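Letter by letter, the chains look like this.
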Amino acid sequence: MGTTTPPRTLAEALRARGDESLAGLLRARPDLLNPVPNDITQLATRAGTRASVVRALEHLDRFALQTAEALAVAPDPAPYATLLSLLTGDGLDDGEQHDDAGAAITAALPGALATLREQALVWGEDDRLRLVRTARELLAPSPQHPSPTGLGPTVSEATAGMSPGRLQEILAATGLPATHDPVSAVAALSSLFTDRTRMAELLDTAPVEALSVLDRLVWGPPYGEVTPNPTPPVKWLRDRGLLLPVSTRTVVLPREAALHLRAGRAHRVPEPTPPTVAASAERDPQAVDRAAAGQAFTALSTVEELLSLWNGGGPPILRAGGLSVRELKRAATALDVPEQIAAFWVELAYAAGLLASDGETDERYAPTPAYDEWLDLSAQDRWTHLATAWLPATRVPGLVGGQDAKGRALSALGPDLDRSAAPDVRRRVLALFAELPPGTAPDPETLLQRLRWERPLRGGPTAASGTTPPGEGGDLRSRLALWTLNEAELLGITGRGALSAQARALLAEGPDASAALLAPLLPEPLDHVLLQADLTAVAPGPLERPLAQTLSVLADVESKGGATVYRFTPGSVRRALDAGQAAADLHAFLAAHSRTPVPQPLSYLIDDVARRHGHLRIGAASAYVRCDDEAVLNEILADRRSTGLRLRRLAPTVLASQADPGSLLEALRDMGYAPAAESAEGDVLITRAGARRTPPRTPPAPVPEGPPPPDATLLGAAVRAIRAGDTAATVARKEPSEGPAGSPASGALPRTTPAETLATVQAAAMTGSAVWIGYVNADGAASQRVIAPVRVEGGFVTAYDHTADEVRTYPLHRITGVAELAEDGQP
């Protein structure tokens, strides 16, 4: 540890560490930095709090945790040899297999112990290892929180409160001599149970049925129920203290006896090495990259199609927040995917900042201005934008459709979908993918086993806290990993179950390198379609954006796949005319972008719809209809389908309605007419697709799992501040033997006259020495500080403050007194 005498406390052990070691502790446990501790003692106190220790235990791998659990059932303090014996056992009889396991444990234990020491969960020299008291309380066996070791209480703990007479009866039954007090009786029984030879001799006399009882309890749980009149085997064990009473109906196997029966092992299956992630398939790396690129292009098309559905204003937001089940089903139907997959695309667009609430009174979801900027990017840059938004996102689409802790349904885009562990799991899964050779698809089960080994306390019931995350059943970390596998395939991070080269570049080098690898693999967009006589158009591949946007207005998508089929209908043609296109524009567009002649039926359809488009005009009265042809208005009035519109004639060419203009427009279209909306000035209103946008919105911020990892600058400053504060708190001081106010009590502010104060700080400034001062600030708060005066003038002293680790200026009249430092305490 770097000291000649062993540390007596955790604070002393931390004080003996170097700066790099302290920085390592703060890096591993960033919660200790908020706020920066004043000194080493405060750092040690904070490192021993329950919340901080639980967080540290949750970040241990399985073997480091097993090491801590073994220390929790070992004597305190425990020598290294005792700890090693608890992990390897001292009576293994399985030959070579156990020899190999013991060698693996022996090799891995120093690293696990170093991890525990670095995180200040264990301190002390190897001959006196101590587990932090809070960690011992969390990991030691108790009836309320059984230990993963399966061990029970010690003989001393189990016999607490037992009558002296009963203890003597147990000693007599085991053949031990009587003692004069309960303490020595417990010590004698403990000594028997820990003596391998004498314990074996005692068990040799046990009935076979009694040994069967012990076999059921030896690996835990160590508690069993007994009747008021126990069977002879149980009575034999109870008489000899091998089963000790916990209550009138419950007995427990003492820890020392269980360890003998286990050949000294604290764990049934120690796991010193992480499980290997096995390969489920070996694929051609180029085929993997092409498959991933194809799925990446599908991801771009899907997000674009989703947001184009909501271009003119998306679905309303539920009062509790989020998307209703009905709207999610509509989106899933439009995208031709299951609802769970649709929830993923909706959440991905939200995480990427492409979708948000419009903030209006009738609040709805709509694309953001960032969506238009995203559309202007190249395909590879659009994909890296989505991928880099997915990696750190804490919202978990896989939870959609489940229930929260109060039994309320979890909806897409709604609250309570954040899980702070998601980014860590996501990146760890992809890192395990990246460790495999290119083209290798990992076996999901072995991958989950590796994740459970790395963080055994995360995501499910924990030995440390005994709790499960609210609303979660089972291992959340494993569920997050499985969702990551599915989402990575959907997004094109993986192809055919293996990590793509462009994803490896994204993780290792960043978006630019990934985009460069992805660009040549994406299909080139086409500038043409194939028009057919059945009023359809076939796009044999992805289309250029202007062509795709115009065609999506002019025609409806009928089917998707390797080729997209569009169908022209009167409604779709009218939609294009409503968007400001003229019939001549549509004819020219089709002629320019078709590799086949424009079919005559399509030309007739466009001309027929254009001829009738705008013949009727709809305005606000509540609403009115005007038409130069009185016969058309007469026909509308005579049609029984118009009864609900409550139309009446205002003039030969004008009808008024009680319905609003939008409803009137849709009703007349349903009746087979082709009306056009007009403004108050009589101009035709052009409805352009994609006109609805939210105000500028920022993407949702991930919910952090805890304090962010500190950077090197913060760590260096924190270590210096802690060291300086520790110097101020622990430095030895010369206290004046006499003075006007007498010697200050320990911990009190020094008291000296103004003249003495001035003379002492002037002398310290001249000699460059440090002094101890008492200081009262403008708010009346008193503090003790160690300063090295640099300049004294004008009623102020400028000095380097060791407590704050910076140069400060103090008014002399606020210094209550000054004392010199002892020679061995000179900073």
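All of these numbers come straight from a predicted model, not from anything done at the bench.

Definitions and cut-offs
Residues numbered from 1 in each chain as written. Predicted model: local features only at pLDDT ≥ 70, side-chain atom pairs only at ≥ 80, totals over all residues. Heavy atoms only, no water. pLDDT = per-residue confidence, 0-100. Helix = DSSP H or I, 4+ residues; strand = E, 2+ residues; numbered from the N terminus. Contact = heavy atoms within 4.5 Å. Pairing = 2+ DSSP bridges. Axes fitted to C-alpha atoms, helices over the stretch in contact; angles between N-to-C directions. Parallel < 35°, antiparallel > 145°, perpendicular 65-115°, else oblique. Nonpolar A, V, L, I, M, F, W, Y, C, P; charged D, E, K, R; others polar. Buried < 20%, exposed > 50% of the residue type's maximum accessible area, 1.4 Å probe, protein only. Polar contact = N/O pair within 3.5 Å; in protein donor to acceptor, adjacent residues only side chain to side chain. Core = buried A, V, L, I, M, F, W, Y, C linked by side-chain atoms within 4.5 Å. Expected span 1.5 Å × (residues − 1). Arc of directions from axis to C-beta. Phe/Tyr/Trp six-rings, centres within 6.5 Å; stacked < 30°, edge-to-face > 60°.

A.B. asks: Break down the confidence of the model for the protein chain for me, citing the residues and quoting the values.
C.D. replies: On average, residues of the protein chain score 85 in pLDDT, and 90% of them reach the 70 mark or higher. Between the elements of the protein chain, mean pLDDT differs from a low of 70, seen in strand E16 (residues 617-619), to a high of 96, seen in strand E11 (residues 498-499). For residues 459-474, every residue scores under 50 in pLDDT, and the model assigns this stretch 31 contacts once sequence neighbours within four places are set aside. Counted against residues more than four places away or in other chains, residues 737-746, with its pLDDT under 50, gives nine contacts.

A.B. asks: Now, about the sheet that holds strand E3 (residues 223-225): what can you tell me, with residues and values included?
C.D. replies: Strands sit in the order E3-E5-E4 across an open sheet of three strands; the sheet is antiparallel. Strands with a single pairing partner mark the edges of an open sheet, and in this sheet they are E3 and strand E4 (244-245). As judged from the three bridges shared by E3 and strand E5 (residues 250-252), these two strands associate in the antiparallel manner. What sits directly across from Tyr223, in E5, is Val252.

A.B. asks: Hey, could you go over the packing of helix H16 (residues 285-309) against helix H23 (residues 476-491) for me, with residue numbers and the actual values?
C.D. replies: When two helices pack together, their arrangement is given by the angle between their axes and by how far apart the axes lie. Put simply, H16 and H23 touch, their axes get as near as 6 Å, and they point 85° apart. With respect to each other, H16 and H23 are oriented roughly perpendicular. On H23, the residues that touch Gln295, Ala296 and Ala299 of H16 are Glu489, Leu490 and Leu491. When grouped by side-chain class, the residues that make up the contact of H16 with H23 number four nonpolar, one polar and one charged.

A.B. asks: Provide a residue-level description of unusual backbone geometry, including the pertinent values.
C.D. replies: Most peptide bonds take the trans form, and the phi angle of most residues other than glycine is negative. Cis rather than trans, the peptide bond between Asp76 and Pro77 has omega equal to 0°. Inspection of the secondary structure assignment puts Pro77 in the loop between helix H5 (62-73) and helix H6 (80-88). The phi angle at Ala263 is positive, at roughly 60°, despite the residue not being glycine. Note that Ala263 resides in the loop between helix H15 (255-261) and strand E6 (279-282). Of note in this structure, Arg496 is not a glycine but carries a positive phi near 55°. With respect to the secondary-structure elements, Arg496 resides in the loop between strand E10 (494-495) and E11. We classify Arg496 as partly exposed; its relative accessible area is 44%.

A.B. asks: Pulling in residues and values, what's your account of the side chain of His528?
C.D. replies: Secondary-structure assignment places His528 in the loop between helix H25 (511-518) and strand E12 (530-532). Owing to a relative accessible area of 13%, His528 belongs among the buried residues under this scheme. Of note is the side chain of His528, whose polar atom sits 3.5 Å from the side chain of Arg595. Other than its neighbours up to four places away in sequence, His528 contacts Pro540, Leu543, Leu547, His593 and Arg595.

A.B. asks: I'd like a description of the side chain of Arg136, backed by residues and values.
C.D. replies: Its place among the elements puts Arg136 in helix H8 (residues 133-139). Only 3.0 Å separates the side chain of Arg136 from the backbone oxygen of Ala72, close enough to count as a polar contact. Look past the residues within four positions of Arg136 in its chain and what remains in contact with it is Leu71, Ala72, Ala74, Pro75, Asp76 and Leu131.

A.B. asks: So, the nonpolar core: which residues are in play, and what are the values?
C.D. replies: Counting residues in hydrophobic clusters, the biggest one holds 90 residues, and the most contacted among them are Leu26, Leu57 and Phe193. The element best represented in this core is H5, accounting for eight residues. Once residues within four sequence positions are removed from consideration, Phe193 is found in contact with Val155, Met199, Leu202, Arg240, Gly241, Leu242, Pro254, Glu256, Ala257 and His260. In this structure, Leu354, Trp390, Leu448 and Leu490 belong to the second largest nonpolar core, which totals 68 residues.

A.B. asks: Outline helix H29 (residues 600-612), supporting the account with residue identities and numerical values.
C.D. replies: Taking 1.5 Å per residue as the helical rise, H29 with its 13 residues ought to reach 18 Å, and the 19 Å between its terminal C-alpha atoms agrees with that figure. Within the sequence span of H29, burial applies to Leu602, Ser603, Leu605, Ile606 and Val609. Down the axis of H29, the buried side of the element spans an arc of 160°, and every buried residue falls inside it. For H29, exposure combined with an orientation more than 90 degrees from the buried face picks out Gln600, Tyr604 and Arg611. Looking one or two places after H29, you find Gly614, whose phi comes out positive at around 85°.

A.B. asks: I'd like a description of the environment of Leu171, backed by residues and values.
C.D. replies: You can see Leu171 is positioned in helix H10 (residues 164-173). Counting along the chain gives 15 residues from Leu171 to Val186, while the straight-line C-alpha distance between them is 9.1 Å. Those residues in contact with Leu171 that lie beyond four places of it in its chain are Leu176, Pro177, Thr179, Ala185, Ala188 and Leu189.

A.B. asks: So what's going on with the pairing of strand E22 (residues 782-793)? Residues and values would help.
C.D. replies: As judged from the six bridges shared by strand E21 (residues 771-776) and E22, these two strands associate in the antiparallel manner. Residue pairing across strands places Val776 opposite Ala782, the latter belonging to E22. The turn joining E21 and E22, which pair antiparallel and follow one another in sequence, is formed by five residues; a positive phi near 85° is taken by Gly780. The hairpin turn running from E22 into strand E23 (residues 796-801), its antiparallel successor, is two residues long, and Gly794 in that turn takes a positive phi close to 60°.

A.B. asks: Go over the packing of aromatic side chains with me, naming the residues and quoting the values.
C.D. replies: Considering all chains together, one arrives at three aromatic pairs under this definition. Ring geometry for Tyr371 and Trp374: centres 6.1 Å apart, planes at 25°, overall stacked. Pair noted here: Tyr371 and Trp374 are both in helix H19 (residues 369-375), with a separation of three residues, about one helical turn. Take Tyr371 and Trp374: they sit in the same class, and that class is buried. Between Tyr775 and Tyr810, the ring centres sit 4.9 Å apart and the planes meet at 75°, which makes this aromatic pair edge-to-face. Here the residue Tyr775 occupies a position in strand E21, and Tyr810 occupies one in strand E24 (residues 806-811), the gap between them amounting to 35 residues.

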